[in-house]
Amino acid sequence: NGLLSGLMSPARQWFSLATLNPDLMESQAVKVWLATVETLMRSIFNESNLYNMAPSMLGETVVFGTGCMTQLDDFEDVSRFYTHTVGSYMIAQSARYEVNVLAREFTNTTEQMIQEYGLKNVSTQVRNAYDKGDYDTWFPITQLIEPNPEADPNKLEARFKPFRSTTFQPGERHSNDKFLRKSGFEEFPAYVPRWATTGEDV
């Protein structure tokens with residue numbers, strides 16, 4: 001609670017925007033634009049689940065030394081936040097010692113998988129459970145988010161974004177293009193605060 005109120009309390013303006021070029025900050029039009037964007041961001045954060053998820057991430061940072069939360073685009077809330085508990089994920093870092101890889105294992109129910117990935121993309125086992133009305137059966141899922149060696153800023157498809165995301169059901173037989181989802185991100189979508197690191201240790 002102390003970290004949350006000190007770092008990002010929803011009761012106060014805990015962030016402000018500025019340009020990298022300080023000369024631009026002298027422009028009234030730039031100041032108005034930044035203030036407008038700040039207001040929009042605060043509205044999005046307040047209407048999303050950020051302030052419900054952030055305490056879990058910060059709590060695990062205190063207890064285990066590492067926290068993890070992802071931010072995804074959402075049609076209803078603009079942004080949706082998801083915390084991931086210790087033991088359910090692994091991270092790796094770049095040569096600059098910045099976390100840029102997230103691999104995680106989690107479970108979804110039959111109904112959640114159909115809603116999230118679509119009937120045609122899930123395994124036969126999930127489809128059979130859905131057809132039988134077993135909507136609350138749990139299935140394991142693996143997701144890998146990593147830098148994309150095929151990134152191309154001149155192409156719009158998700159598979160050419162700087163970070164690629166591959167989601168699949170472990171142990172299921174799939175063809176090369178049969179995954180629950182293959183997508184991408186413009187920026188690394190995970191926040192991974194670490195209390196302290198030693199050398200190159202993640």
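The notes below deal with the structure included here. Please read all numbers here as calculations on a predicted model, not as lab measurements.

## Describing the side chain of Arg 104
- The topology assignment puts Arg 104 in strand E4 (residues 99-109).
- Within the buried core, Arg 104 has no salt-bridge partner, and the shortest N-O distance to an opposite charge, that of Glu 116, equals 8.1 Å.
- Only 3.3 Å separates the side chain of Arg 104 from the side chain of His 84, close enough to count as a polar contact.
- A polar side-chain atom of Arg 104 sits 2.8 Å from a polar atom in the side chain of Gln 143.

## Notes on the sheet that holds strand E6 (residues 163-168)
- Overall, antiparallel pairing links the five strands, which are arranged E3-E4-E5-E6-E7 in an open sheet. Two strands lie at the open edges of the sheet, namely strand E3 (89-93) and strand E7 (181-185), each paired on one side alone. With direction set aside, neighbouring strand axes in the sheet form an average angle of 15°.
- Where E4 and strand E5 (residues 138-147) come together, eight bridges link them in antiparallel fashion. Within E5, the position partnered with Glu 105 by the bridge is Thr 142.

## Focus on the packing of aromatic side chains
- Considering all chains together, one arrives at seven aromatic pairs under this definition.
- Ring plane angle 75° and centroid distance 6.4 Å describe the contact between Phe 168 and Phe 179, whose orientation is recorded as edge-to-face. You can see Phe 168 sitting in strand E6 and its partner Phe 179 sitting in the loop between E6 and E7, a full 11 residues away along the chain.
- For Phe 179, a relative accessible area of 23% puts it in the partly exposed group.
- Ring pairs connect the aromatic residues Trp 14, Phe 15, Phe 45 and Phe 81, which therefore count as one cluster.
- The ring of Phe 15 is capped by Arg 42, whose NZ or CZ atom sits 4.6 Å from the centre of that ring.
- A cation over a ring is seen here: Lys 155 above Phe 160, with NZ or CZ 4.5 Å from the ring centre.

The rules behind the values
- Residues numbered from 1 in each chain as written.
- Predicted model: local features only at pLDDT ≥ 70, side-chain atom pairs only at ≥ 80, totals over all residues.
- Heavy atoms only, no water.
- Helix = DSSP H or I, 4+ residues; strand = E, 2+ residues; numbered from the N terminus.
- Buried < 20%, exposed > 50% of the residue type's maximum accessible area, 1.4 Å probe, protein only.
- Lys, Arg positive; Asp, Glu negative; His and termini not counted.
- Salt bridge = Lys/Arg side-chain N within 4 Å of Asp/Glu carboxyl O.
- Polar contact = N/O pair within 3.5 Å; in protein donor to acceptor, adjacent residues only side chain to side chain.
- Pairing = 2+ DSSP bridges.
- Axes fitted to C-alpha atoms, helices over the stretch in contact; angles between N-to-C directions.
- Phe/Tyr/Trp six-rings, centres within 6.5 Å; stacked < 30°, edge-to-face > 60°.
- Lys NZ or Arg CZ within 6 Å of the ring centre and 35° of its normal.

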